[in-house]
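Inside the fold
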Amino acid sequence: MRILLVEDDRDIGARLKEGLGGLGLVVEQVEDGEHGLSYALQEQFDAIVLDLGLPGLPGIEVLRGWRLAGCATPVLILTARNTWSEKVEGLNAGADDYVTKPFQVDEIAARLRALMRRVAGQATPELRHGDITLDPVSRTAGVAGRPIDLTAQEFRLLNFFMHRVGRVVTQAELLDHLYGLDEERSSNTIEVYVGRLRRKIGREAIRTLRGLGYRFG
Ligand code: CA
């Protein structure tokens, strides 16, 4: 199980890496909010431990960004102050649980296990942006409540975009995501796929940014 820790305090990081590592959980730490926001959208994690007091982008904004981008990974927030408002705000922003500092590593471990069990027992939530929906489990998509027929590549492309709402996606990123290293790559085919996807989900859903790439949403 792979855990992302977004926490600027290195001592806490070291404690969690050691404590959770002994229980078979791999902990990767990033120390600022912006990096945490993008990293969780790029990589697959089983759960995230998020400190709310971060330099740069505050933890609560990081959490909102993940949920807005369709990231459904369970999030355990660390709150420094034992205030109700912070916990309520965190839970409303999409956190699944919280622990107040100072904490025991055993408590974090127990809560993470409970979160991951809960997630494993239910289907991955459907991704939604505007009237476009995508279900990664049944591999179906729809627009305005009507199912749309996508090829495997179109589905991967839409899934990739729906995890990166509002971000500039380069052709190189799309090539990396859509093709294995041994497959022949061509940026022309990306344009063709984007064109086909636009016809199915609406032209305005994906913008072309000349010289940069594409932006969804
Ligand atoms: Ca902190």
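These notes cover the structure that comes with them. (Residues numbered from 1 in each chain as written. Predicted model: local features only at pLDDT ≥ 70, side-chain atom pairs only at ≥ 80, totals over all residues. Heavy atoms only, no water.)

**Let's talk about the overall build of the chain**
Across its full length, the chain carries eight helices and 12 strands. Taking 217 residues into account, the globule formula puts the C-alpha radius of gyration at 17 Å, and the chain, at 19 Å, falls close to it. In terms of principal-axis extent, the alpha carbons of the chain reach across some 55 × 35 × 30 Å. A total of 217 residues make up the chain; the buried ones form 44% of that total. Sequence separation of 24 or more characterises 55% of the internal contacts of the chain that already satisfy a separation of 6 or more. Working note: accessible area of the chain is about 11,400 Å², and carbon and sulfur atoms make up 49% of it. Distance from the positive charge centre (28 side chains) to the negative charge centre (31 side chains) of the chain: 6 Å. (Helix = DSSP H or I, 4+ residues; strand = E, 2+ residues; numbered from the N terminus. Rg over C-alpha atoms; globule rule 2.2 N^0.38 Å. Buried < 20%, exposed > 50% of the residue type's maximum accessible area, 1.4 Å probe, protein only. Contact = heavy atoms within 4.5 Å. Areas by Shrake-Rupley, 256 points an atom, 1.4 Å probe, with all protein chains shown as cover. Lys, Arg positive; Asp, Glu negative; His and termini not counted. Charge placed at Lys NZ, Arg CZ, Asp CG, Glu CD.)

**Thoughts on the sheet that holds strand E10 (residues 168-169)**
Taken together, three strands build an open sheet; the order of strands is E10-E12-E11 and the sheet is antiparallel. In the strand order of this sheet, the two ends are held by E10 and strand E11 (206-209), each with one partner. Relative to strand E12 (residues 213-216), E10 runs antiparallel, the two sharing two bridges. The residue bridging Val168 from the neighbouring strand is Arg215, located in E12. The sheet contacts of helix H8 (residues 187-201) involve E11 and E12, and relative to E11 the element is tilted by about 145°. (Pairing = 2+ DSSP bridges. Axes fitted to C-alpha atoms, helices over the stretch in contact; angles between N-to-C directions.)

**Observations concerning the coordination of the calcium ion**
Ideal geometry at a metal centre: 109.5 degrees between donors when four sit tetrahedrally, and 90 or 180 degrees when six sit octahedrally. Protein coordination at the calcium ion comes from Asp8 (OD), Asp51 (OD) and Gly53 (O), with a distance range of 2.2 to 2.4 Å. One chain supplies every donor to the calcium ion, and in sequence these donors are spaced D-x42-D-x1-G. Residue Asp51 is classed as buried on the basis of its relative accessible area, which comes to 3%. A residue is classified by how much of its surface remains accessible, and Gly53, at 43% relative accessible area, is partly exposed. (Donors = N, O, S within 2.8 Å, 3.2 Å for Na, K, Ca; no water.)

**As for the environment of Gly22**
Structurally, Gly22 can be placed in the loop between helix H1 (10-21) and strand E2 (26-30). Sequence-wise, Gly22 and Arg64 are 42 residues apart; in three dimensions their C-alpha atoms are separated by 31 Å.

**Overview of the pairing of strand E4 (residues 75-79)**
The side chains of a regular strand alternate between both faces of the sheet. Within E4, five of the five residues are buried, which leaves the element mostly enclosed by the surrounding structure. Where burial is concerned, the two faces of E4 agree: the one with Val75, Ile77 and Thr79 and the one with Leu76 and Leu78 are both buried. Looking at chain direction, E4 and strand E5 (residues 97-100) are connected through four bridges and run parallel. Each bridged residue has a counterpart across the sheet, and for Ile77 the counterpart in E5 is Tyr98.

**Looking at unusual backbone geometry**
In this model, Lys101 is joined to Pro102 through a cis peptide bond whose omega is -5°. Counting through the fold element by element, Pro102 comes out in the loop between E5 and helix H5 (105-120). Unlike most non-glycine residues, Ala144 shows phi in positive territory, near 50°. Residue placement: Ala144 occurs in the loop between strand E8 (140-143) and strand E9 (146-148).

Any link to function would need more than the numbers given here.
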